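# What the coordinates show
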Amino acid sequence: MKYRTIGTDPNTRREVSVLALGAMLFGSRTDEETSFAVLDRYAEAGGTFVDTSDNYAFWTDGGQGGQSEELLGRWRRSRGVGDEIVIATKLGARPLAPGTSYVDNPEGLSAKVIRESAERSRDRLGVAKLDLLYAHIEDQRVPLRETVEGFAELVAEGTVGLLGVSNHATWRVERARALATAAGLPGYEVLQYAHSHLRPRLDVPDGLFPDGSLGHAGPDLLSYLRAEPGLTLVAYSPLLKGAYTRSDVELPGDFDHPGTPARLKVLREVAQETGATVNQVVLAWQIGAELPIVPLVGASSVAQLEESLAAVDLELTADQRARLDAAH
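Residues numbered from 1 in each chain as written. Predicted model: local features only at pLDDT ≥ 70, side-chain atom pairs only at ≥ 80, totals over all residues. Heavy atoms only, no water.

Along its length, the protein carries ten helices and ten strands. Dimensions along the principal axes, computed over C-alpha positions, put the protein at roughly 55 × 40 × 40 Å. Looking at the protein as a whole, 54% of its 328 residues qualify as buried. Sequence separation of 24 or more characterises 75% of the internal contacts of the protein that already satisfy a separation of 6 or more. (Helix = DSSP H or I, 4+ residues; strand = E, 2+ residues; numbered from the N terminus. Buried < 20%, exposed > 50% of the residue type's maximum accessible area, 1.4 Å probe, protein only. Contact = heavy atoms within 4.5 Å.)

If you want it as structure tokens, here you go:
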């Protein structure tokens, strides 16, 4: 395994594995035995960065979520896991009532919600401190200063370490960070957005993003990352839910980008040259990128995890990387 540091403050920064493991469906669609086996193998391989959320996976049973955090808590207790595993969780997108969702009825990012939701997450995970806590989705009903101060209070109390943000417009991230800096408070240092080798169309609206997607790491966000070396991008859905390699899984609809055929072509060429799978090439491309990117992979079996773990040791040549970067 290889490692990188996330965060800049010596008191809160952490060293994490370059490959993060997503626990979204653990305890719901992925049963406990399988989830434990995947987590055990990940830890055995030196993996130290596990990702969850307080709303995972509410859509599987029409509830409010919490199954993933609860499973991770049971795994931690049964294995005697301590601070060596960094567990990141999120708040803000938990439905306030069963049968609703984050689109129509989210918990939001008020100071009250931040405090209460973080406490519930600590209880489910069985930890005294959340290593990394994200603002999961935007909440424009609450003043940004209240959100910034709400997160900072938990850091000051020692119940949260690093702060992160996901699915926000880049200007909102920068405004929140500027407010934190001006007040001498900790701000967001880890950005979690969808990112893969294929480029999506960013103009496709949905229920959460009426003006087009804010959930992908588009050019604004990547240029922001380039300008702020203290930030890290955690890239979710890097393998597009299996669409690169599985004939029964179609590319998401917003990947009807004009550059898709050219980028698929070079991915397949590099995979053939290296003897790796296309999935492994995508992950290796992210892990070795100039920008600090940590791919976040899901796994519903140990075999799926093994494929991703092997990507950590895949070294792309400068020529291969240049071709992957340039295809459009």
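Resuming the write-up.
The next subject is the side chain of Thr89. Position of Thr89 among the secondary structure elements: in strand β5 (residues 86-91). Sequence-distant contacts of Thr89, that is, excluding residues within four places in its chain, are made with Thr52, Ser53, Asp54, Glu69, Ser121, Leu130, Leu132, Leu133 and Tyr134.

Let's shift gears to the pattern of salt bridges. Applying the stated criterion to the full structure yields 22 salt bridges. Residue Asp131 is joined to Arg14 by a salt bridge in which the shortest nitrogen-to-oxygen separation is 3.0 Å. One end of the pair, Asp131, is in strand β6 (residues 130-135); the other, Arg14, is in strand β2 (residues 14-17), and 117 residues separate them in sequence. Ionic pairing is found between Lys265 and Glu269, a salt bridge with its closest N-O pair at 2.6 Å. In this pair, Lys265 and Glu269 both sit in helix α7 (residues 260-274), four residues apart, roughly one turn of the helix. Its relative accessible area of 51% is what places Lys265 among the exposed residues. Salt bridges linked by common partners bring Lys265, Glu269, Glu273, Asp319 and Arg323 together as one network. (Salt bridge = Lys/Arg side-chain N within 4 Å of Asp/Glu carboxyl O.)

On to the nonpolar core, then. One finds Phe49, Phe151 and Leu191 to be the most contacted residues of the largest nonpolar core, which totals 90 residues. For this core, the leading source of residues is helix α8 (residues 278-287), giving seven residues. Once you skip the residues sitting within four places of it in the chain, Leu191 turns out to touch Val165, Val173, Leu221, Tyr224, Leu225, Leu231, Thr232, Leu233 and Val234. (Core = buried A, V, L, I, M, F, W, Y, C linked by side-chain atoms within 4.5 Å.)

This paragraph deals with unusual backbone geometry. Put simply, Tyr56 and Ala57 share a cis peptide bond, and its omega is -5 degrees. Tracing the chain through its elements places Ala57 in the loop between β4 (49-51) and α2 (67-79). Not every positive phi belongs to a glycine, and Ser237 is a case in point at roughly 55 degrees. Residue placement: Ser237 occurs in the loop between β9 (232-236) and α7. In this structure Ser237 comes out as partly exposed when scored by relative accessible area, which is 29%. With a phi angle near 55 degrees, Lys241 is a residue other than glycine that sits in the positive phi range. With respect to the helices and strands, Lys241 occurs in the loop between β9 and α7. Accessibility expressed as a relative area gives 70% for Lys241, which makes it exposed.

Before going further, it helps to examine helix α6 (residues 219-227). All of the buried residues in α6 are Leu221, Tyr224 and Leu225. Projected down its long axis, α6 shows its buried positions confined to an angular sector of 100 degrees, all on one face. Residues of α6 that are exposed and point over 90 degrees away from its buried face: Pro219, Arg226 and Ala227. Buried residues in α6 make contact with α5 (170-182), β8 (190-194) and β9. (Arc of directions from axis to C-beta.)

Turning our eyes to something else, we now look at the packing of helix α4 (residues 144-157) against α5. It is at 10 Å that the axes of α4 and α5 come closest, and there the two elements cross at 60 degrees. Comparing the axis directions of α4 and α5 gives the class oblique. For α4 against α5, the interelement crossing comes out right-handed. Contacts between α4 and α5 involve Leu144, Arg145 and Val148 on the former and, on the latter, Arg172, Arg175, Ala176, Leu179 and Ala180. A class-by-class count of the residues in the contact of α4 with α5 yields five nonpolar, no polar and three charged. (Axes fitted to C-alpha atoms, helices over the stretch in contact; angles between N-to-C directions. Parallel < 35°, antiparallel > 145°, perpendicular 65-115°, else oblique. Left-handed = near helix turned anticlockwise from the far one by under 90°. Nonpolar A, V, L, I, M, F, W, Y, C, P; charged D, E, K, R; others polar.)

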